[in-house]
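Read off the chains here:
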Amino acid sequence: MLRARDERGRRVGNPKPSALSRMVANLGRGNAFVIVERVDDGADGDWYVQVWLRDDNTYQLEFREGTAAEHYQTRTISQDRVIAALSGWAEGHPDWKDAFMWNNISTWFADAD
């Protein structure tokens, strides 16, 4: 099962692309992030994709594939690309991340060993 949530606490179970699009479009001061995560699927670790609208109006995208060693980040100015990435991840499309150059940020986390 998937769950999306934003900084204001809005939660959407098994979000469709239209719901994710609305959530991203509503990002702003006081509601700067959206997290889409897999919950209760029996897989070990944390599986999610998230976006943060930074103060400079760029979008910081991150995803984690189970462990801190598989935690990646990128930035973009394109809201459309953010929506496509979140929707593609939520729908399980294997090429959802191909539109970006990702940086592994595993060293930022203590449990990356």
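Structure: see above.
The paragraphs below set out a description of the structure included in this document.

## Considering the side chain of T58
Topologically, T58 is positioned in the loop between strand 4 (46-53) and strand 5 (59-66). Within the structure, the side chain of T58 is placed 2.6 Å from the side chain of D56, a separation counted as a polar contact. Within the local environment of T58, its side chain forms a polar contact with the side chain of R75, the two groups lying 2.8 Å apart.

## Here's the deal with the packing of aromatic side chains
What characterises a pair of aromatic rings is the spacing of the ring centres plus the angle enclosed by the ring planes. Going through the model one piece at a time under the given rule, you end up with five aromatic pairs. Both rings, one in W96 and one in W102, keep their centres 5.8 Å apart while their planes meet at 70°; by these two values the pair is edge-to-face. Across the pair, exposure class does not vary: W96 and W102 are buried alike. Through successive ring pairs, a cluster of aromatic residues spans F63, Y72, W96, F100 and W102. When the ring centre of W89 is taken as origin, the NZ or CZ atom of R38, which lies over that ring, is 4.3 Å away.

## Observations concerning the pairing of strand 5
A large share of strand 5 lies buried, amounting to seven of its eight residues. Note that strand 4 and strand 5 share eight bridges and pair antiparallel. Each bridged residue has a counterpart across the sheet, and for D46 the counterpart in strand 5 is G66. Here strand 5 runs beside strand 6 (residues 71-76); their pairing, made up of six bridges, is antiparallel. By the bridge assignment for strand 6, Q60 is matched with R75. Where strand 5 folds back onto strand 6 in an antiparallel hairpin, the turn is made up of four residues.

## Things to note about the pattern of salt bridges
Applying the stated rule across the entire model yields four salt bridges. K97 is the partner of E65 in a salt bridge, and the nearest nitrogen-oxygen pair spans 3.4 Å. Of this pair, E65 sits in strand 5 while K97 is found in the loop between helix 2 (79-90) and strand 7 (103-104), placing the two residues 32 residues apart along the sequence. For E65, a relative accessible area of 27% puts it in the partly exposed group. The class of K97 is partly exposed, set by a relative accessible area of 24%. Taken together, the shared-partner salt bridges connect R3, R5 and E37 into one network.

Basis of the calculations
Residues numbered from 1 in each chain as written. Predicted model: local features only at pLDDT ≥ 70, side-chain atom pairs only at ≥ 80, totals over all residues. Heavy atoms only, no water. Helix = DSSP H or I, 4+ residues; strand = E, 2+ residues; numbered from the N terminus. Polar contact = N/O pair within 3.5 Å; in protein donor to acceptor, adjacent residues only side chain to side chain. Phe/Tyr/Trp six-rings, centres within 6.5 Å; stacked < 30°, edge-to-face > 60°. Buried < 20%, exposed > 50% of the residue type's maximum accessible area, 1.4 Å probe, protein only. Lys NZ or Arg CZ within 6 Å of the ring centre and 35° of its normal. Pairing = 2+ DSSP bridges. Salt bridge = Lys/Arg side-chain N within 4 Å of Asp/Glu carboxyl O.

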